[in-house]
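Observations on the model geometry
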Amino acid sequence: MIDPDGRLVNEPPAPPLGVIILAHGAGAPMDSPFMAAMAEGLAACGWRVVRFEFPYMARRRQGGPRSAPDRMPKLEQAFRDQLLREAAGPSAGLPLFIGGKSMGGR
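First, a word on what this report is: a plain description of the structure on this page.

Definitions and cut-offs
- Residues numbered from 1 in each chain as written.
- Predicted model: local features only at pLDDT ≥ 70, side-chain atom pairs only at ≥ 80, totals over all residues.
- Heavy atoms only, no water.
- Salt bridge = Lys/Arg side-chain N within 4 Å of Asp/Glu carboxyl O.
- Helix = DSSP H or I, 4+ residues; strand = E, 2+ residues; numbered from the N terminus.
- Buried < 20%, exposed > 50% of the residue type's maximum accessible area, 1.4 Å probe, protein only.
- Core = buried A, V, L, I, M, F, W, Y, C linked by side-chain atoms within 4.5 Å.
- Contact = heavy atoms within 4.5 Å.
- Polar contact = N/O pair within 3.5 Å; in protein donor to acceptor, adjacent residues only side chain to side chain.

Observations concerning the pattern of salt bridges
- Counted according to the given criterion, the structure contains seven salt bridges.
- The shortest N-O distance in the salt bridge between R48 and E11 comes to 2.9 Å. Linking R48 in strand β3 (residues 48–52) with E11 in the loop between β1 (8–10) and β2 (19–23), this pair joins segments that are 37 residues apart in sequence.
- Owing to a relative accessible area of 8%, R48 belongs among the buried residues under this scheme.
- Given a relative accessible area of 48%, E11 falls into the partly exposed group.
- Between R59 and D70 there is a salt bridge; the shortest N-O distance is 3.2 Å. Taken together, the positions of R59 in helix α2 (residues 55–61) and D70 in the loop between α2 and α3 (72–88) put the pair 11 residues apart, joining distant regions of the chain.
- The exposure class assigned to R59 is partly exposed, which follows from its relative accessible area of 38%.
- In this structure, a network of salt bridges that share partners links the residues R7, E11, R48 and E86.

Focus on the nonpolar core
- With 12 residues, the main nonpolar core is built from V19, I21, A23, V50, F52, F54, Y56, M57, L75, A78, F79 and M103.
- Mapped by element, the contributors of at least two residues to this core are β2, β3, α2 and α3.
- Once residues lying within four places of it in the same chain are set aside, the contact partners of Y56 are H24, G25, A26, G27, S67, A68, P69, D70, L75 and M103.
- Formed by five residues, the second largest nonpolar core is a distinct cluster that contains I20, M35, A39 and V49.

Things to note about the side chain of S91
- Relative to the helices and strands, S91 is located in the loop between α3 and β4 (96–100).
- A distance of 3.2 Å separates polar atoms of two side chains, one belonging to S91 and the other to R48.
- With residues up to four places along the chain from it excluded, the contact list for S91 reads V19, R48 and E86.

Shown next as structure tokens:
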């Protein structure tokens, strides 16, 4: 289920070791089978996993046309926004890591 902020969160069964923020690749959304399997596996190992979509993919999810990924400055800002949200919110005080698939991991 996508939360009100437009994100997917996988919680570990016990207090988290830290938080991993995962970004999708250029062509598949945050709830693709690959991203779901990664998030579930990491959560099972004790990590809180937050997945989000870059703006171009969020527009597509809302019925917009398929388009090329945004330019790097916009992608980087989207990642920064997620980091700030987590650091100031539910993950305050926990180690934060970022990662992703293909374009989302660059």
